[in-house]
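# A structural walkthrough
The primary structure of each chain is shown beneath.
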Amino acid sequence: MRSLRKTVLLIILVSVVLVLALLHSWPTRSYTTVDVWQRHGPIVERRLEERLSDPDQRLGNIPFHVRDSVASLLARNGCVCEGDSGGVHLPFAQLLFPRVSAQPLHTAFEAAELEEVKRRRAKEYKSFQKRSQTPADVLIIAEANNPLQYPTQGVEVRPLKTIIIPGLALRSLPRDHYSINITASLGTLNVAAEVDGVKIKGDGEMHMMLSSPLLLNLNRQLQFVTYTNTLFHPSTADTVRFETEGHEAIFSINIRHGVTPKLYNTGSKAADYNISALVTIATKTFLRYDKLQDLIDSVRKFYPNVTIVIADDSENPKTISGPHIEHYIMPFGKVENTFIFTFLSFAIDSLPLSSSCCMFKGWFAGRNLAVSQVTTKYLLWVDDDFIFTANTKLEKLVDVLERTTLDLVGGAVREATGYTATYRQTISIEQGEEDGDCLHVRRGFHHVIQGFPNCVVTDGVINFFLARTDKVQQVGFDPRLARVAHLEFFIDGLGSLHVGSCDDVTVNHATKIRLPWVSQSESDKTYAKFRYPLASSDATQLKNGLLFFKNRFQCLTHN
Ligand SMILES: *[C@@H]1O[C@H](CO)[C@@H](O)[C@H](O)[C@H]1NC(C)=O
Ligand SMILES: *[C@@H]1O[C@H](CO)[C@@H](O)[C@H](O)[C@H]1NC(C)=O
Ligand SMILES: *[C@@H]1O[C@H](CO)[C@@H](O)[C@H](O)[C@H]1NC(C)=O
C-alpha cells in the first residue's frame, strides 16, 4: 500500500517536473512563415518598365549614325556559334593555321528526348536564377532633378539586424508642408530618435510616413531613420522606395552575413617562403606506381619535407610509404560509366606527342578526395607522371599568389622532346535565349601581369598549377568527369577563380615515347586498357550532354 502511494507520488512529481521543463523550453517567440522564393519586388519591376518604355517623345525625331565598330561589340539578342569555313587539311594544320571550329551540343541527346531534356533544363535554370539573383541586381535609374537625397549603393545590414539608413534628406523648395514616405518589403522602418515638430506614422512597419511644416526638422528626423531586416535570408537585398510629393527614388539595401574568412597560419616568416608550411602536393594515381615513385623521388630532391597527398583507385593498391606522404585508397572503379573523353582533345591532339595520361574511372572524384585532405594555404596539383626538376621552383608560384589577387597559377609542362606547353585558354560565355548560352574557348590569355613578365592572366591552364586551397575546394571537381575534361573545372570556376599562368616554372612529363624494343610493363598494359574505356563518339556525347544540361550551353566554339 505504502509502496503504491510512493509510486503515485513519484509519478506526479516527475510529471510536474516534465511539464515545467516543457513550459520552460516552449518557444516564446512566434515564428512567421517566410516565402524564400527569390523574385524582384513587383513594384520595382513595374516602375522600371514604365520608365524605360516611356522615353521622351521629342527624342525620337533626332537623327543619329550607328558606329559599327562599337555597336558590333554589344551583345546581340541571343548568340550563335560560328566556325571558320574552308581551311587546309595538312598535318599539324591546326598548329600552323589555327581555325575556330563550332559544334552544337544538343546532338548529345536523341531527337525524341530532346524536347523533354530542354524542358527539364529550363525548369532547373529557372530555379537556379531564383536562387542566384537578388533585387540588388535590378537596374535602378535616378531621375533628374529629384529633391530626394539617398544612398545609391553600399548600404548593408546583417540578416535580422538594424541599421541607420545613411544619407536621407529632402532638398525642397519652400512649402507649407513637407512629407516623406519610405517603403521596404523585407524589413521594417523606424526612427532611433524623435525630432520635435515632425509627425511619424507607421513606425515599426514596412511603410512609414514622416511629415512636418519645418524642412530642417524633417531633415533632422531623416538622419534617425532605421531599417530592420525581418525576413531572414543569408544573402539578398531589399528595395526601398523613398517618396515625397511628385518625386520618387528607389535604392537597395544589401542583406547578408559578413564573409567568413578562411585564413591559414603559415608560421613565422623566414627570409624565403617555407614551402613545406605553405604547400601540399596533390595527385591522383591509378596503377602507375613506378611513375608515382619517380615523381615522389624527384619531389624529395628539392622539397624533402613537403606533404604529398595521393588519391589512388587502383584495384589492388600497393603501399606507398615514406615521410610526409598521405595515401588515400578509393574504391576501385567507383564511378561507373562516366568517363568523359578529352574535352581538350582538340587542343592536345594537335600537339606533337599528344598528352595521353589518365582517362579512367573517377579521375575528378579522386581529385576531390586529394584536395579535400589538404590543410595548407596552397595546393599544387600534379599528374602522377610528372617529374620535378631544378626548374620546378614552387617559390616562384607561391610568390605570384602571395603578391597578386590571383587564386590559381599554372606552370608549364615540358615533354621529352623539349616541347613546353601551358595550355592557356580563354573562356567566354555569350548570353543566349531559351536555347542556352554559347561557350567560346580560345587559346591565349588576357593580360601580362605587371611585375611578373613571364606570367599572364587567363581563364584555364594546364594540369600543373598552384592554387589557394579554399578556392579549389569551393569550385570542386565534377566527379562525373575524367582528367582531360580538365577545362570543365575552369568553366565551373569562371567568375569565381582568378587564374594566371607562368611559363618560367616547369615540370617534366615522363617520356611518352615507347621504344619498340622495350616491352610494355604489366601495369602499363592494364593502364592502357582503362585509358580509352569508351569509344570516342560515346564519350563526346557524354561530355556534350553535361555542357548542354549542367552548364546550359547550346553550342561550343574552340580553336
Ligand atoms: C504616402 O503614403 C500615403 C498612404 O500610403 C499616401 O496617401 C500619400 O499620398 C503618400 N505620400 C507621398 C508623398 O507619396
Ligand atoms: C617550415 O615549416 C615546417 C612545417 O610547418 C616546419 O616544421 C619547419 O620548421 C619550417 N622551417 C623553417 C625554416 O621555418
Ligand atoms: C626537413 O625536416 C628535417 C627533420 O625534421 C629537418 O632536419 C630539415 O632541416 C628539414 N628540411 C627542410 C628543407 O626544411
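It should be noted that the structure appears before, not after, this text.
As the structure is a computational prediction, the values presented were derived from the model and not from experiment.

## So, the pairing of strand S12 (residues 247-256)
Among the 10 residues of S12, eight are classified as buried, and the element is accordingly described as predominantly covered. In the sheet, strand S3 (residues 156-157) pairs with S12 via two bridges, with the strands oriented parallel. In the sheet register, Val157 faces S12, and the bridge partner there is Ile255. For strand S11 (residues 235-244) and S12, the ladder comprises 10 bridges, and the chain directions are antiparallel. Following the sheet pairing, Val240 is matched in S12 by Phe251.

## Notes on the environment of Arg220
By secondary structure assignment, the location of Arg220 is in helix H6 (residues 215-222). Of the residues examined, Arg220 reaches a relative accessible area of 45% and is grouped as partly exposed. Separated by 26 residues in the primary sequence, Arg220 and Glu194 place their C-alpha atoms 9.2 Å from one another.

## Description of the sheet that holds strand S26 (residues 553-558)
Adjacent strands of a sheet pair through backbone hydrogen bonds, lying either parallel or antiparallel. A sheet is described by the order of its strands in space; here four strands give the open sequence S1-S26-S21-S20, paired in mixed fashion. Looking at strand neighbours, the two that pair on one side only are strand S1 (101-104) and strand S20 (425-430), the edges of this open sheet. In this sheet, neighbouring strand axes are inclined to one another by 20° on average, regardless of whether the strands run parallel or antiparallel. In this structure, S1 lies alongside S26, joined through four bridges in antiparallel fashion. If you follow Gln103 over to S26, its bridge partner there is Leu556.

## A word on the site of ligand 1
In the vicinity of ligand 1, the contacting residues are Ser179, Asn181, His207, Met209, Glu243, Thr244 and Glu245. In the model, an oxygen atom of ligand 1 is placed 2.2 Å from a nitrogen or oxygen of the Asn181 side chain. One of the side-chain N or O atoms of His207 is found 3.0 Å from an oxygen atom in ligand 1. Within the complex, the protein chains bury 49% of what would otherwise be the 360 Å² of accessible surface of ligand 1. Elements supplying a minimum of two residues to the shell around ligand 1: strand S6 (178-183), strand S9 (207-212) and S11. In terms of residue class, the shell around ligand 1 is built from one nonpolar, four polar and two charged.

## Examining the pattern of salt bridges
For the structure on display, the rule yields 16 salt bridges. With its nearest N and O atoms 3.6 Å apart, the salt bridge here joins Asp435 to Lys118. With Asp435 in the loop between S20 and strand S21 (437-443) and Lys118 in helix H5 (residues 111-132), this residue pair connects regions lying 317 residues apart in the sequence. Arg288 is the partner of Asp384 in a salt bridge, and the nearest nitrogen-oxygen pair spans 2.5 Å. A residue pair is termed long-range when its members are at least 10 positions apart, and Asp384 in the loop between strand S16 (378-381) and strand S17 (386-387) and Arg288 in the loop between strand S13 (279-285) and helix H8 (289-302) qualify at 96 residues. By the burial criterion, Asp384 is buried, and Arg288 matches it. Beyond isolated ion pairs, a larger network of salt bridges with shared partners links Glu116, Arg119 and Arg120.

## What to know about the state of the cysteines
Simply put, disulfide is the name for a covalent bond between the sulfur atoms of two cysteines. Using the criterion set out here, one finds three disulfides in the structure. Between Cys79 and Cys438 runs a disulfide, and the two sulfur atoms are separated by 2.1 Å. In this structure, the disulfide formed by Cys79 and Cys438 twists by about 90° around the S-S bond and is classed as right-handed. One end of the pair, Cys79, is in the loop between helix H3 (68-71) and helix H4 (93-96); the other, Cys438, is in strand S21, with 359 residues separating them in the sequence.

## Some points on the environment of Trp381
Position of Trp381 among the secondary structure elements: in strand S16. Spatially, the C-alpha atoms of Trp381 and Thr280 are 8.7 Å apart, while their sequence positions differ by 101 residues.

## Some words on the sheet that holds S3
Ordered by their spatial adjacency, six strands build an open sheet running S3-S12-S11-S6-S9-S8, and the pairing between neighbours is mixed. The open sheet is flanked by S3 and strand S8 (199-201), the only strands paired with a single partner. This element, H6, spans S6, S8, S9 and S11 of the sheet and lies at about 150° to S9.

## Concerning the side chain of Thr183
On the secondary structure map, Thr183 appears in strand S6. Within the local environment of Thr183, its side chain forms a polar contact with the side chain of His207, the two groups lying 2.9 Å apart. Apart from the residues lying within four places of it in its own chain, the contact partners of Thr183 are Leu189, Met206, His207, Thr239, Val240, Arg241 and Glu243.

Conventions we followed
Residues numbered from 1 in each chain as written. Chains lettered and ligands numbered in written order. Predicted model: local features only at pLDDT ≥ 70, side-chain atom pairs only at ≥ 80, totals over all residues. Heavy atoms only, no water. Buried < 20%, exposed > 50% of the residue type's maximum accessible area, 1.4 Å probe, protein only. Helix = DSSP H or I, 4+ residues; strand = E, 2+ residues; numbered from the N terminus. Pairing = 2+ DSSP bridges. Axes fitted to C-alpha atoms, helices over the stretch in contact; angles between N-to-C directions. Near = heavy atom within 4 Å. Polar contact = N/O pair within 3.5 Å; in protein donor to acceptor, adjacent residues only side chain to side chain. Areas by Shrake-Rupley, 256 points an atom, 1.4 Å probe, with all protein chains shown as cover. Nonpolar A, V, L, I, M, F, W, Y, C, P; charged D, E, K, R; others polar. Salt bridge = Lys/Arg side-chain N within 4 Å of Asp/Glu carboxyl O. Disulfide = S-S within 2.5 Å. Contact = heavy atoms within 4.5 Å.

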